[in-house]
Protein chains: 2
Amino acid sequence: MAVYTEVSLDEAAPLLQSLGLGQLQSITACAGGIENTNYFVDTDQGRYVLTLFERLSFAQLPFYLHLMKHLAQHGIPVPEPHAITAADGAGGKPGDILLRLKGKPAAVVNRLRGRSELAPTPAHCAAVGETLARMHLAGRDFDRSQPNLRGLAWWNETVPVVLPHLDEAQSRLIRSELAYQNHVAASSNWHALPRGPIHADLFRDNVMFDSEGDAPQLTGFFDFYFAGCDTFLFDIGVSLNDWCIHLDSGAHDAARADAFLAAYQAVRRLSPQERVLLPAMQRAGALRFWISRLWDFHLPREAALLQAHDPGHFERVLRERVAHPRGLTC
Amino acid sequence: MAVYTEVSLDEAAPLLQSLGLGQLQSITACAGGIENTNYFVDTDQGRYVLTLFERLSFAQLPFYLHLMKHLAQHGIPVPEPHAITAADGAGGKPGDILLRLKGKPAAVVNRLRGRSELAPTPAHCAAVGETLARMHLAGRDFDRSQPNLRGLAWWNETVPVVLPHLDEAQSRLIRSELAYQNHVAASSNWHALPRGPIHADLFRDNVMFDSEGDAPQLTGFFDFYFAGCDTFLFDIGVSLNDWCIHLDSGAHDAARADAFLAAYQAVRRLSPQERVLLPAMQRAGALRFWISRLWDFHLPREAALLQAHDPGHFERVLRERVAHPRGLTC
């Protein structure tokens, strides 16, 4: 549970009405990311999520919100931001999806059905792979662009900051991996990789499934606030590192990885360069989260203090990816 | 004059001796960048510059120093870092070019002859263009890589931070330019641009000329501490924006730009994609320095306070580049 900004029913009601979403009936604080305040809001028309952004600014949010809108309108299951339909008396204009509540940037999106699946089977991984491929294709004509802000440049800036907190073996690993990734990013294969908007943080807790019936039905990807334009292969690497490993050891799970990749490729076949660089981008995905978790752990901002994840997990994942690179089997 | 760390002759002498550079005769504080302490040091063997790094860490410096060494060894006129030749009793090993003095990272490089040319003619611009092209070619087999840390990702992170300090027209310009650059960087033309280590800050005050005789002789590029791997075309755009404009208005000077580009292309011919994107990368160069000067001006760190440049200059340069794009004439 992470609520930073208290919002009462009376405060939220006019906003929901300006969106044409009907009469607010209840508002319930819910667990969310560590950088937003989230409420479930039910009206007489449907179920929504109200988010107040505690880290991202009005200037930063349009990319993320319009990406979600674009994907939703292209049939990808993601929370769709709702637009103001009539003047709200608080400065909003019809068509706006970036809202303001209690002086903070805010958005109201459709609430996804279902729940996260924290022990995924190959069937779950196949559903994630297929939907990720469809998302990559749907994003190609999105008309806004911003780079992955947690990409290579950020790793280079941040590794020197976390280095003093590492022991000798960790320090050697993180420096050699960073040098390797810089080397990869200077290669012609890397420059030839297909690119576009990627989620960049597609972990088990950012996907919903509805488990009624036999086959898992994926009901949505969410939390797009680390999205940016980068290689599709990096998105695949990040996802494989979470969906298709044993969380205790970091070891690869072949059945789940094969299911993920086969389903992905049934929608979008990997290019020759992507096939070559798949192991490198899995390493990149592990490095990215090892660095950010080291950062959060050793240099916490106040709000993040209680929720910092153990950086050791992604150190193990990286060591596994380096020691046991696995290319495609399909 | 910017001296942050006092170094006496007695403190510097053992370091110079461990480099095999002879007996130290004098040490003189000299003006430098705002982030380093620089001394001219003369020994009985030659003239050198001793730099103590006040911002960059031991972890960050090897890329820059080894790039300078690599370029020098490939015949590009840049300050060459000297390596320890014998154990120095202070922890350095033979071969090290990253040194330590008074607990800070340090380097000793050859001192370039000559002086900066702050009113360049077409002949000076041609010399810079030719040397830049040779530098780009020589850097292609440099075996370290790091991205340009003041590139697109940094612009996206920093624009929202400086926006509150801008008026409405400036805010519109910087946001639309950032969107344009994000769009360019998502294009196949941009991904096809040749890349490698670039200087990324090649302004008039970072080049030396020896003015003996008739033709200006370029004696070196220096201050490589914003170098990184990026498109060669971005380096060209940054350089054109300083060497080949009227500093009062920001307007393009055709004679100097043509001289620069003809000399560059005599060494390395621009690719079709580079020819298309040259105006866009000049805009990118202007945007990068407008953002960093806004940052330095409105959010100064202590040390930079006295030396912040007027951000208005690069706002004018950007407006000029947008209003009067100029492609190649050769």
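So, how was this worked out
- Residues numbered from 1 in each chain as written.
- Chains lettered and ligands numbered in written order.
- Predicted model: local features only at pLDDT ≥ 70, side-chain atom pairs only at ≥ 80, totals over all residues.
- Heavy atoms only, no water.
- 1 Å grid on protein atoms, 1.4 Å probe; cavity = no way out; pocket = protein on both sides within 12 Å on 5 of 7 lines; lining within 4 Å.
- Points joined across faces, edges and corners; volume = space filled by probe spheres on them.
- Helix = DSSP H or I, 4+ residues; strand = E, 2+ residues; numbered from the N terminus.
- Buried < 20%, exposed > 50% of the residue type's maximum accessible area, 1.4 Å probe, protein only.
- Pairing = 2+ DSSP bridges.
- Domains from an automatic or database assignment.
- Contact = heavy atoms within 4.5 Å.
- Buried area = accessible area lost by both parts, 1.4 Å probe.
- Salt bridge = Lys/Arg side-chain N within 4 Å of Asp/Glu carboxyl O.
- Polar contact = N/O pair within 3.5 Å; in protein donor to acceptor, adjacent residues only side chain to side chain.
- Nonpolar A, V, L, I, M, F, W, Y, C, P; charged D, E, K, R; others polar.
- Axes fitted to C-alpha atoms, helices over the stretch in contact; angles between N-to-C directions.
- Disulfide = S-S within 2.5 Å.

Turning our eyes to something else, we now look at empty space enclosed by the protein. All names here are of chain B. In total, this model carries 2 cavities of 30 Å³ or more according to the counting rule given. Within this model, the largest cavity holds a volume of roughly 60 Å³. Taken together, 11 residues form the lining of the largest cavity, with His-252, Ala-257, Leu-261, Arg-326 and Gly-327 sitting closest to its centre. Only helix H8 (254-267) and helix H9 (272-298) provide two or more residues apiece to the lining of the largest cavity. Per-element accounting of the lining of the largest cavity gives the leading share, 3 residues, to H8.

Residue and element names in this part refer to chain B. In terms of burial, strand E2 (residues 36-43) is largely enclosed, as 7 of its 8 residues are buried. Bridge count between strand E1 (residues 24-30) and E2: 6 bridges; the pairing is antiparallel. Bridge assignment links Cys-30 to a residue of E2, and that residue is Asn-38. As paired strands, E2 and strand E3 (residues 47-53) are joined by 7 bridges and run antiparallel to one another. Its bridge partner lying in E3, Thr-37 is registered against Leu-52. Between E2 and E3, which pair antiparallel in sequence order, lie 3 residues.

A few words on the domain arrangement of chain A. All names here are of chain A. In terms of domain boundaries, chain A breaks down into domain 1 (9-110) and domain 2 (122-323). Every contact between the two is made by 22 residues of domain 1 and, on the other side, 26 residues of domain 2. Across the interface of domain 1 and domain 2, roughly 2100 Å² is buried in total on both sides, 68% from carbon and sulfur atoms. Seen at the junction of domain 1 and domain 2, the total is 0 salt bridges. Connecting domain 1 to domain 2 are 4 residue pairs in polar contact (both at pLDDT 80 or more). Counting residues per element, the side of domain 1 that touches domain 2 draws most heavily on helix H2 (residues 61-73), at 10 residues. Residue composition of the side of domain 1 that touches domain 2, grouped by class: 15 nonpolar, 5 polar and 2 charged.

Take the interface of chain B and chain A next. Each partner contributes to the interface: chain B provides 21 residues, whereas chain A provides 21 residues. At the boundary of chain B with chain A, total buried surface from both sides reaches about 1700 Å², with 62% on carbon and sulfur atoms. Summed over the shared surface of chain B and chain A, the number is 2 salt bridges. Among the salt bridges present, the one from Glu157(B) reaches Arg150(A), with a minimum N-O distance of 3.0 Å.

This part is about the sheet that holds strand E2 (residues 36-43) of chain A. Residue and element names in this part refer to chain A. With respect to topology, 5 strands assemble into an open sheet ordered E1-E2-E3-E5-E4, the strand pairing being antiparallel. The open sheet has two edge strands with one neighbour each: strand E1 (24-30) and strand E4 (99-101). Neighbour to neighbour, the strand axes of the sheet diverge by 35° on average, direction disregarded. Where strand E3 (residues 47-53) lies against strand E5 (residues 104-110), 5 bridges are found, and the strand directions are antiparallel. Within the sheet, the bridge partner assigned to Leu-50 lies in E5 and is Val-108.

All names here are of chain B. Along the chain, Thr-231 falls in strand E9 (residues 228-231). For Thr-231, a relative accessible area of 0% translates into the label buried. Within the structure, Thr-231 has its side chain in polar contact with the backbone nitrogen of Phe-234 (distance 3.0 Å). Aside from chain neighbours lying at most four places away, what touches Thr-231 is Trp-190, Leu-193, Pro-194, Arg-195, Ile-198 and Met-281.

Glancing now at the state of the cysteines. Considering all chains together, one arrives at 0 disulfides over all chains under this definition. Of all cysteine sulfurs, the one in Cys244(B) lies closest to Cys125(B), which takes part in no disulfide; the gap is 3.9 Å.

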